[in-house]
Amino acid sequence: MSSEDEFVHKDHKSREAYLPYSKQWISEEDIQAVVDVLRGDYLTTGPYIEKFEQSIAKYVDAKYAVAFSSGTAALHGACFAAGIMDGDEVITTPMTFAASANCVLYQGGTPVFVDIDKDTYNIDAKKIPKSITDRTKAIIPVDFTGQPADLDEILEIAKANDLIVIEDAAHALGATYKGRKVGSLSDMTMFSFHPVKQITTGEGGIITTNNRVFYEKLLQFRSHGITRDKSKVQDSHGPWYYEMQFLGYNYRMTDIQAALGISQLTKNERFLKWRKKYAAMYNEAFSRMDMLDTPFQNRMIESSWHLYVIRLNLSKLCGSRKEIFEALQNENIGVNVHYIPVHLQPYYSELGYKRGICPNAENLYESIISLPLFPAMTERDAEDVITAVKKVMLNYSNK
């Protein structure tokens, strides 16, 4: 039996156990770090939160970091700190999770979707200037899959138009842009610590910044708009005194989460090494398959490889993306799709966003599939994915 015959043998699954598209990797050290907090004096509003913030800030070469209960909460805080309010417009990409645009709506602003670059799948910086109006307040680029957006051009556009850049780097902890760590380049940068991200705190997010004013606003916003800072309060009734100076939210991270994050961060370089290794295995295995495109990578950046997204060449396949997706699932490969363009969601349609405004993103969505990629995988897992993809592609080849 030839190797191709083996791949198309339909009575044998590529693997027996289901392989998810991503999964956290929790070690005994992580567990002990959490147990230590549980046995201590503070479960929340304690010392581990600041320790975690300082660790992240140091890791990405930023001056400040403010931890939040989720990446979405962190983006909301960044929009508040940027002064976004009713009537303001914020430019972002449709090829992202809904939170990248929802955070603008939370502040009463209007998301303006700019189409993506056909190669990187990130926002096309060259298209941004045409969408800038006298109401534009900020740009939210997204580092899709872990590959940084075209930050130099975006920051130059922002500077020329007096705009704030809030970088959604939920996928990009550990990524570099022209040799510089993501997290120290934009006015504010958000990282997510959901279990499928580079490191996890269960749920959680953080904003890094070099701007002291943003830093102080973020700190107060995540805790009801309350301050105990004696240099900021308008009055003082005694040492217990605090003031709520604006409407903030309870977006605090717990010390339990922060302790897990501190432990996880010590392993992130190792996690990145495994992600890059499996991505390289995929690239090599699929490089000569004309039925799909592997992810394009800009040579001036170093992706953190949060996701590995293949693009199907449907003209060379006799099945739909749905059929191929289901066939891979039937092989026990936990594929996914990232993302449905935000402006196509029913809620955004009701707000007046129309299909056709971002054709590159819409066309991309019709043909992409995310393959499993996470550090807790083994080489055998990656080989199973390769086997399954080749098997399904050959089964649906129209040659």
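Thresholds, definitions, all that
Within every chain, residues take consecutive numbers counted from 1 along the sequence as written. Under the rules for a predicted model, residues below a pLDDT of 70 receive no local features and side-chain atom pairs below 80 are neither given nor counted, while totals for whole chains, interfaces and linings still include all residues. With hydrogens and water set aside, each side-chain value is computed from the structure's full complement of heavy atoms. UniProt positions are given in the numbering used here, feature names are shortened, and annotations may be inferred rather than shown by experiment. Secondary structure follows DSSP: runs of H or I at least 4 residues long count as helices, runs of E at least 2 residues long count as strands, and numbering of each begins at the N terminus. Categorising residues by exposure relies on relative accessible area from a 1.4 Å probe, with only protein chains included: less than 20% of the type maximum marks a residue as buried, more than 50% marks it as exposed, and the intermediate range marks it as partly exposed. By definition, residues are in contact when any of their heavy atoms lie within 4.5 Å. Criterion for a disulfide: a pair of cysteine sulfur atoms within 2.5 Å. Within this scheme, the nonpolar core is defined by two criteria: the residues are buried Ala, Val, Leu, Ile, Met, Phe, Trp, Tyr or Cys, and they are joined through side-chain atoms within 4.5 Å. In this analysis, axes come from line fits to C-alpha atoms, helices being fitted only over the stretch in contact, and the angle between any two N-to-C directions falls in the range 0 to 180 degrees. Under this scheme an angle from 65 to 115 degrees is roughly perpendicular, one under 35 degrees roughly parallel, and one over 145 degrees roughly antiparallel; angles in between are oblique. Whether a crossing is left-handed or right-handed is set by the direction in which the near helix is turned from the far one by less than a right angle, anticlockwise for left-handed and clockwise for right-handed. In the analysis that follows, any N or O atom pair within 3.5 Å is treated as a polar contact, provided that within protein one partner can donate a hydrogen and the other can accept it, and provided that, for residues neighboring in sequence, both atoms belong to side chains. In what follows, salt bridge is the name for a side-chain nitrogen of Lys or Arg lying within 4 Å of a carboxyl oxygen of Asp or Glu.

- If you look the protein chain up in an unreviewed UniProt entry, it shows as UDP-4-amino-4,6-dideoxy-N-acetyl-beta-L-altrosamine transaminase from Sediminibacillus albus.
- According to the UniProt record, the Sequence similarities (unreviewed entry) comment for the protein chain is "Belongs to the DegT/DnrJ/EryC1 family."

### Thoughts on the UniProt feature "active site" (unreviewed entry) in the protein chain
So, point 1. Taken from the UniProt record, the annotation "active site" (unreviewed entry) applies to Lys 197.
So, point 2. Relative to the assigned elements, Lys 197 resides in the loop between β8 (188-192) and β9 (205-209).
So, point 3. Looking at Lys 197, the relative accessible area reads 13%, which means it is buried.
So, point 4. Discounting chain neighbours no more than four positions away, the residues touching Lys 197 are Ala 170, His 171, Ser 192, Arg 275 and His 306.

### Considering the state of the cysteines
So, point 1. For the structure on display, the rule yields zero disulfides.
So, point 2. Summary of cysteine pairing: Cys 79 is not part of a disulfide, and the nearest cysteine sulfur, belonging to Cys 103, is at 3.6 Å.
So, point 3. Overall, Cys 79 belongs to the buried group, its relative accessible area being 0%.

### Here's the deal with the nonpolar core
So, point 1. If you look at the biggest cluster of nonpolar residues, it comprises 33 residues, and the most contacted ones within it are Tyr 282, Phe 286, Tyr 308, Ile 369, Leu 371 and Met 393.
So, point 2. Among the secondary structure elements, those contributing two or more residues to this core are α9 (268-286), β14 (308-312), α10 (321-330), β15 (368-371) and α13 (379-395).
So, point 3. Of the residues forming this core, the biggest block, seven residues, is contributed by α13.
So, point 4. When near neighbours in sequence (up to four residues on either side) are disregarded, Met 393 contacts Met 289, Met 291, Leu 292, Leu 312, Leu 317 and Ile 324.
So, point 5. Counting 28 residues, the second largest nonpolar core, distinct from the first, contains Ala 138, Ile 166, Ile 207 and Tyr 215.

### A look at the packing of helix α2 (residues 28-38) against helix α8 (residues 255-265)
So, point 1. Following both chains from N to C, one finds α2 and α8 inclined at 150 degrees, their axes separated by 8 Å at the closest point. As summarised for this structure, α2 and α8 are arranged roughly antiparallel, according to the angle between their axes. The two elements α2 and α8 meet at a crossing, and its hand is right-handed. Contacts between α2 and α8 involve Glu 29, Asp 30, Ala 33, Val 34, Val 37 and Leu 38 on the former and, on the latter, Asp 255, Ile 256, Ala 259, Leu 260, Ser 263 and Gln 264.

### Topic: the side chain of Ser 184
So, point 1. Mapped onto the elements, Ser 184 comes out in the loop between β7 (180-181) and β8.
So, point 2. Given a relative accessible area of 17%, Ser 184 falls into the buried group.
So, point 3. There is a polar contact of 3.4 Å between the side chain of Ser 184 and the backbone oxygen of Val 60.
So, point 4. Excluding residues within four positions of it along the chain, Ser 184 makes contact with Val 60, Asp 61, Ala 62 and Asn 210.

### Quick word on the pattern of salt bridges
Side chains that carry opposite charge are capable of pairing whenever their charged atoms lie near each other.
So, point 1. Enumeration according to the criterion identifies 18 salt bridges in this entry.
So, point 2. The salt bridge involving Arg 15 is made with Asp 381; its shortest N-O contact spans 2.9 Å. With Arg 15 in the loop between α1 (3-8) and α2 and Asp 381 in helix α13, the pair connects residues that are 366 residues apart, well separated along the chain. Each member of the pair, Arg 15 together with Asp 381, is buried.
So, point 3. Its salt-bridge partner being Lys 267, residue Asp 30 comes within 2.7 Å of it at the nearest N-O pair. A residue pair is termed long-range when its members are at least 10 positions apart, and Asp 30 in helix α2 and Lys 267 in the loop between α8 and α9 qualify at 237 residues. By the burial criterion, Asp 30 is buried, and Lys 267 matches it.
So, point 4. What emerges from the salt-bridge pattern is a single network uniting Arg 15, Arg 380, Asp 381 and Asp 384.

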